Amino acid sequence: VNTLVLATQNQIDSVSGDTSYYNQQAADALLDRLGISPHSLDIWTENVRKWISQTIFQHIHREIQTINKTLDQVGAAECKIGSVSTAVLSKISTTKHEHIANIALLLPYLEVSVNQEYLVNRIGELASGSCVGSFRWESGGKYKNNQWNKELPTDSQIVMHCISTYLDSHLPRNPMYPEGRTFTTQYFVQTPSKADTKKKEYALFQSSIHPPHFKLLVGDEVWEVSKGRNNLFHTLILLMYYLREEQHGMLGPVNLGPTGLNMTWIIS
């Protein structure tokens, strides 16, 4: 019988930040147990990349361009997104709120890196095309004609942060999470934080930053798929599959179907 449990809680704690525990045979067994064929996984991977491109990055890129154009028009060209810190942008959102009301909704997406110039440029590159074709899972793009370095966020980090922020914005505010990051706080765990599966029904777990590696926690089990360039996409697919099969297509109180976030088509 194929096992669904790929690691125990103690094993998670001992290998947080280390992908050497990864077991390809166990990952294949998991997909086989769930009934996810290699063909379906390929199609769903393309679908999730399209969703990330169109729903996340193209939208963010358009908002940045619109707001920067407005800042030009109101005499604040020196404060364009990508040129100043998020702290400065936050102040501008207060003083010029009547002109750029949407900037407050955009700011959380920009908090993934202090290097705003790089981040905004990279978001534009990831928004190009229809399926985040420039995505580099363990690195990123060039910065001022120099190669990417570890002082900059990986594309995986940018993608995960932006998806989490998008879902934060669509989940009802929870008084337990006053900053408004309900999804990020409740359903995402990132090393060096320990993944306490006993306190979460399910959650995404980033066990390694360099190179990026993600797993899905389900109760006291760990669902782990292929490492490498598709690991993040496949783990997101596992999350959607689990929510469809075990949570009636709901992420907390939010429907993932056509009447809600319209994400279930990704794995159909």
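As the structure is a computational prediction, the values presented were derived from the model and not from experiment. (Residues numbered from 1 in each chain as written. Predicted model: local features only at pLDDT ≥ 70, side-chain atom pairs only at ≥ 80, totals over all residues. Heavy atoms only, no water.)

J.: Just to check I follow, could you spell out the overall build of the protein for this structure?
T.: The number of helices and strands found in the protein is 9 helices and 6 strands. Considering only contacts in the protein between residues 6 or more positions apart, those separated by 24 or more positions represent 57%. Looking at the protein as shown, the accessible area adds up to about 13,000 Å², and 49% of this sits on carbon and sulfur atoms. (Helix = DSSP H or I, 4+ residues; strand = E, 2+ residues; numbered from the N terminus. Contact = heavy atoms within 4.5 Å. Areas by Shrake-Rupley, 256 points an atom, 1.4 Å probe, with all protein chains shown as cover.)

J.: Which parts of the structure should I look at to understand the nonpolar core?
T.: Membership of the largest hydrophobic core comes to 75 residues, with the highest contact counts inside it found for Ile52, Phe57, Phe183, Leu238 and Leu251. When residues of this core are assigned to their parent elements, the largest contribution, 11 residues, is made by helix H3 (residues 38–73). Once you skip the residues sitting within four places of it in the chain, Leu238 turns out to touch Leu30, Leu31, Leu34, Ile36, Leu216, Trp223 and Val225. (Core = buried A, V, L, I, M, F, W, Y, C linked by side-chain atoms within 4.5 Å. Buried < 20%, exposed > 50% of the residue type's maximum accessible area, 1.4 Å probe, protein only.)

J.: Hey, could you run me through the sheet that holds strand E4 (residues 221–223) in this one?
T.: Each strand in a sheet pairs with its neighbour through backbone hydrogen bonds, running either in the same direction (parallel) or in the opposite one (antiparallel). Judged by pairing direction, the sheet is mixed, and its 4 strands sit side by side in the order E1-E2-E3-E4 without closing on themselves. Where the open sheet ends on each side, the last strands, each with one partner, are strand E1 (188–190) and E4. Within the sheet, the average angular offset between the axes of one strand and its neighbour, ignoring direction, is 30°. Bridge count between E1 and strand E2 (residues 202–208): 3 bridges; the pairing is parallel. (Pairing = 2+ DSSP bridges. Axes fitted to C-alpha atoms, helices over the stretch in contact; angles between N-to-C directions.)

J.: Before we go on, may I ask you to explain the pairing of strand E3 (residues 213–218) in this structure?
T.: Regular strands have side chains that alternate between both faces of the sheet. The buried count for E3 comes to 6 of 6 residues, which makes it a mostly enclosed element. Side chains of E3 alternate between two faces, with His213, Lys215 and Leu217 and Phe214, Leu216 and Val218 buried alike. Pairing between E2 and E3: 6 bridges, direction antiparallel. Each residue of the ladder has a partner; that of Phe205, found in E3, is Lys215. From the end of E2 to the start of E3, which pair antiparallel, there are 4 residues. Here E3 runs beside E4; their pairing, made up of 3 bridges, is antiparallel. For Val218, the partnering residue across the bridge sits in E4 and is Glu221.

J.: Please clarify how the side chain of Thr70 should be interpreted in this entry.
T.: Take Thr70: it is sitting in helix H3. In contact with Thr70, other than residues within four places in its own chain, are His99 and Ile100.

J.: Explanation requested: the pattern of salt bridges in the structure shown.
T.: Close approach of charged atoms allows side chains with opposite charge to pair. A full pass over the atoms with the stated rule returns 8 salt bridges. In this structure, Arg122 and Glu125 form a salt bridge, with 2.6 Å as the shortest nitrogen-oxygen distance. Residue Arg122 and its partner Glu125 are located together in helix H6 (residues 116–127), separated by 3 residues, close to a single helical turn. By relative accessible area, which is 1% here, Arg122 ends up buried. For Glu245, the salt bridge identified is with Arg244, shortest N-O distance 2.8 Å. (Salt bridge = Lys/Arg side-chain N within 4 Å of Asp/Glu carboxyl O.)

J.: Explain the environment of Ser53 to me, please; I cannot follow it from the model alone.
T.: Its location among the elements puts Ser53 in helix H3. Classification of Ser53 as buried rests on a relative accessible area of 0%. As a C-alpha pair, Ser53 and Cys131 span 78 residues in sequence and 5.4 Å in three-dimensional space. Once residues lying within four places of it in the same chain are set aside, the contact partners of Ser53 are Gln58, Leu126, Ala127, Gly129, Ser130, Cys131 and Val132.

J.: Explain the confidence of the model for the protein to me, please; I cannot follow it from the model alone.
T.: Interpretation of this model should avoid reading the predicted coordinates in detail wherever pLDDT is low. Summing up the model confidence of the protein, the mean pLDDT is 89 and the portion of residues at 70 or higher is 90%. Here residues 1–21 scores under 50 on pLDDT; set against residues more than four positions off or in separate chains, the count is 47 contacts. (pLDDT = per-residue confidence, 0-100.)

J.: How should I be thinking about the packing of H3 against helix H9 (residues 231–246) in this particular structure?
T.: Packed helices, taken two at a time, are described by the angle between their axes plus the distance between the axes. Two numbers describe how H3 lies on H9: the axes approach to 10 Å, and their chain directions differ by 95°. In terms of orientation, H3 lies roughly perpendicular with respect to H9. Where H3 approaches H9, its residues Leu41, Trp44, Thr45, Val48, Arg49 and Ile52 are matched on the opposing element by Phe233, His234, Leu236, Ile237, Met240 and Tyr241. Class assignment for the residues of the contact of H3 with H9 results in 9 nonpolar, 2 polar and 1 charged. (Parallel < 35°, antiparallel > 145°, perpendicular 65-115°, else oblique. Nonpolar A, V, L, I, M, F, W, Y, C, P; charged D, E, K, R; others polar.)

J.: Before we go on, may I ask you to explain unusual backbone geometry in this structure?
T.: In most cases, non-glycine residues show a negative phi, while peptide bonds are predominantly trans. A cis amide bond links Thr191 with the next residue in sequence, Pro192, at an omega value of 15°. Here Lys144, not a glycine, exhibits a phi torsion of approximately 55°, which is positive. Residue position: Lys144 is located in the loop between H6 and helix H7 (155–170). You can call Lys144 exposed: its relative accessible area is 56%. Positive phi, close to 55°, is recorded for His248, a residue that is not glycine. By secondary structure assignment, the location of His248 is in the loop between H9 and strand E5 (250–251).

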